Amino acid sequence: MPTAASIDLSNITDFVVNGGHGVKGLSEMGLQKLPKQYIQPMEERITKSTVILDDQIPVIDMSNWNIDNKLVGEKVCNAAEKWGFFQIINHDISLEVLESVKEATYRFFKQPAEEKNKHSKENSSTNNVRYGTSFTPKAEKALEWKDYLSLFYVSDEDAAALWPSALRDEALDFLRNSEVVIKKLLEALMKGLNVKEIDQTKESLLMGSKRINVNYYPKCPNPELTVGVGRHSDVSTLTILLQDNIGGLYVKKLDSDTWVHVPPIHGALVINIGDALQIMSNGRYKSIEHRVMTNGNNNRISVPIFVNPKPSDVIGPLAEVLESGEEPIYKQVLYSDYVKHFFRKAHDGKDTVDFAKIN
């Protein structure tokens, strides 16, 4: 195991990014202070003065779906409009599935750097499997304190051949088991937009592709000086997030400069609206900025599933939304162009969605 004394701290990027050690490798050296490459400018740090303690995102009980799906659906739509974020409990994905994918996440990141680095951008045999650190290191002025593995789902056969064996089965299991609740949520959200039925074309547009990430945020010296993930909104239709019990996810309150912590609830999933659904709903549902704070005492993991249009889909406000004469705020954009725009720059809050706005 390298020590802080044994590597050139001025060339941390080489060790962290090119060597595949990630911030996990840095954290395990027992650094006493945060390397300067990770120090965020003041305006990007999470401070007590900008956090509201007496408010929180809605928590929706899905166990009532079969009794009164209209009422549950209204709560989902209301949360999507007012917050863009909510937690769901009693969603029928077993605790066993959730705990297994968390354990598998730790198992993957515990592997030696050279094993993980087989899946880096430079070494991976496929674009569908990507191990990395921070967000876009080449475009960032300050790096983010996070390592990740990103898995784009094509088919079970593709996953069996290409996904790392340390977490393949557990990630697939979580993905499969999430399908029913994703469809329920989208059914409710579409009803709120006057879409009577989700036919095959709509289903493809809403959930034509999926990606599952596993994120690792190691404990951090001077956590107040950096971020685990910078301010951003997701490019997805919906994101389904499994977080552990450490906490650190913050959501921006609509029409304000204040942030609300999303407290971990055992067995719950955090749901958020992505940019694609904000565009399709013509701005009715909100894709909200969020970010992650690092922790000085504990490692943290999270496992998001991103439910997306297909890369080849053209997205824009749905016809049903504009039926009443509502003016479109967004133009029609090729989804793959939108995603490329997001990934070629550093995290920058909500700026990506302006790419699709009608000027």
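That block above? That's the structure.
Residues numbered from 1 in each chain as written. Predicted model: local features only at pLDDT ≥ 70, side-chain atom pairs only at ≥ 80, totals over all residues. Heavy atoms only, no water.

Visitor: So what about the overall build of the protein? Which residues, and what values?
Guide: A count of helical and extended segments in the protein gives eleven helices and 15 strands. Taking 359 residues into account, the globule formula puts the C-alpha radius of gyration at 21 Å, and the protein, at 20 Å, falls close to it. Considering only C-alpha atoms, the protein reaches an extent of 65 × 45 × 40 Å along its principal axes. When the accessible surface of the protein is split by element, carbon and sulfur atoms take 49% of a total near 16,000 Å². Taking the average location of the 42 positive side-chain charges in the protein and that of its 48 negative ones, the two points are 3 Å from each other. (Helix = DSSP H or I, 4+ residues; strand = E, 2+ residues; numbered from the N terminus. Rg over C-alpha atoms; globule rule 2.2 N^0.38 Å. Areas by Shrake-Rupley, 256 points an atom, 1.4 Å probe, with all protein chains shown as cover. Lys, Arg positive; Asp, Glu negative; His and termini not counted. Charge placed at Lys NZ, Arg CZ, Asp CG, Glu CD.)

Visitor: Break down the pairing of strand β5 (residues 147-153) for me, with residues and values.
Guide: For β5, the buried fraction is high: six of the seven residues fall into the buried class. Bridge analysis of strand β4 (residues 129-133) against β5 gives five bridges, and the strand direction is antiparallel. Counterpart to Arg 130 in the pairing with β5 is Ser 150. (Buried < 20%, exposed > 50% of the residue type's maximum accessible area, 1.4 Å probe, protein only. Pairing = 2+ DSSP bridges.)

Visitor: Describe the packing of helix α4 (residues 95-110) against helix α7 (residues 168-191), and please don't skip the residues or the numbers.
Guide: For the pair α4 and α7, interaxial distance at closest approach is 8 Å and the crossing angle is 145°. Here α4 and α7 pass one another in a crossing that is left-handed. On α7, the residues touching Val 97, Leu 98, Ser 100, Val 101, Ala 104 and Arg 107 of α4 are Glu 170, Ala 171, Asp 173, Phe 174 and Asn 177. Broken down by class, the residue content of the contact of α4 with α7 amounts to six nonpolar, two polar and three charged. (Axes fitted to C-alpha atoms, helices over the stretch in contact; angles between N-to-C directions. Left-handed = near helix turned anticlockwise from the far one by under 90°. Contact = heavy atoms within 4.5 Å. Nonpolar A, V, L, I, M, F, W, Y, C, P; charged D, E, K, R; others polar.)

Visitor: Let's hear about the pairing of strand β3 (residues 85-89): which residues, and what values?
Guide: For β3, the tally of buried residues reaches four of five residues, placing the bulk of the element in the interior. Strand direction decides the pairing type here: strand β2 (residues 59-61) and β3, joined by three bridges, are parallel. Pairing of Asp 61 across the sheet is with Ile 89, part of β3. After leaving β2, the chain enters helix α3 (residues 69-82) and then returns to the sheet as β3, a path that is right-handed. Of the strand pairs in this sheet, β3 and strand β11 (residues 269-273) are connected by four bridges, and their pairing is antiparallel. Bridge pairing in β11 links Gln 87 to Val 270. (Right-handed = clockwise from strand over helix to strand, strands pointing away.)

Visitor: Mind laying out the sheet that holds strand β10 (residues 259-261), listing which residues take part and the relevant values?
Guide: Taking strand neighbours across the sheet as the criterion, the five strands line up as β1-β10-β9-β12-β7 in an open arrangement whose pairing is mixed. Strands at the two margins of the open sheet, each flanked by one partner only, are β1 (51-52) and β7 (229-232). Sheet topology places strand β9 (residues 249-252) next to strand β12 (residues 290-292); three bridges connect them, and they run antiparallel. In the sheet register, Leu 249 faces β12, and the bridge partner there is Val 292.

Visitor: Residues and numbers for the packing of α7 against helix α8 (residues 200-207), please.
Guide: The geometry of α7 relative to α8 is characterised by a closest axis approach of 12 Å and an angle of 110° between their N-to-C directions. Relative to α8, the element α7 is oriented roughly perpendicular. Contacts between α7 and α8 involve Glu 179, Ile 182, Lys 183, Leu 186 and Met 190 on the former and, on the latter, Glu 203, Leu 206 and Met 207. For the contact of α7 with α8, the residue count by class is five nonpolar, no polar and three charged. (Parallel < 35°, antiparallel > 145°, perpendicular 65-115°, else oblique.)

Visitor: Kindly report on α4, identifying the contributing residues and their values.
Guide: Side chains of residues three or four places apart in an α-helix project in the same direction, reflecting 3.6 residues per turn. Between its terminal C-alpha atoms α4 stretches 23 Å, which fits the 22 Å expected from 16 residues at 1.5 Å a residue. Among the residues making up α4, those that are buried are Val 97, Leu 98, Val 101, Lys 102, Ala 104, Thr 105, Phe 108 and Phe 109. The buried residues of α4 all sit within an arc of 160° when viewed along its axis, so they share a single face. α4 presents Glu 96, Glu 103 and Lys 110 as exposed residues on the side facing more than 90 degrees away from its buried surface. (Expected span 1.5 Å × (residues − 1). Arc of directions from axis to C-beta.)

Visitor: Go over the environment of Ser 178, please, and point to the residues and values.
Guide: Considering the arrangement of structural elements, one finds Ser 178 in helix α7. Accessibility expressed as a relative area gives 0% for Ser 178, which makes it buried. For the pair formed by Ser 178 and Ile 88, sequence separation is 90 residues and the distance between their alpha carbons is 12 Å. When neighbours within four sequence positions are excluded, Ser 178 is seen to be in contact with Ile 93 and Ile 305.

Visitor: Just give me the short version of unusual backbone geometry, but keep the residues and values in it.
Guide: At Asn 90, a residue that is not glycine, the phi angle is positive and equals roughly 55°. Topologically, Asn 90 is positioned in the loop between β3 and α4. Backbone geometry at Asp 92 places phi at a positive 75°, although glycine is not the residue there. You can see Asp 92 is positioned in the loop between β3 and α4.

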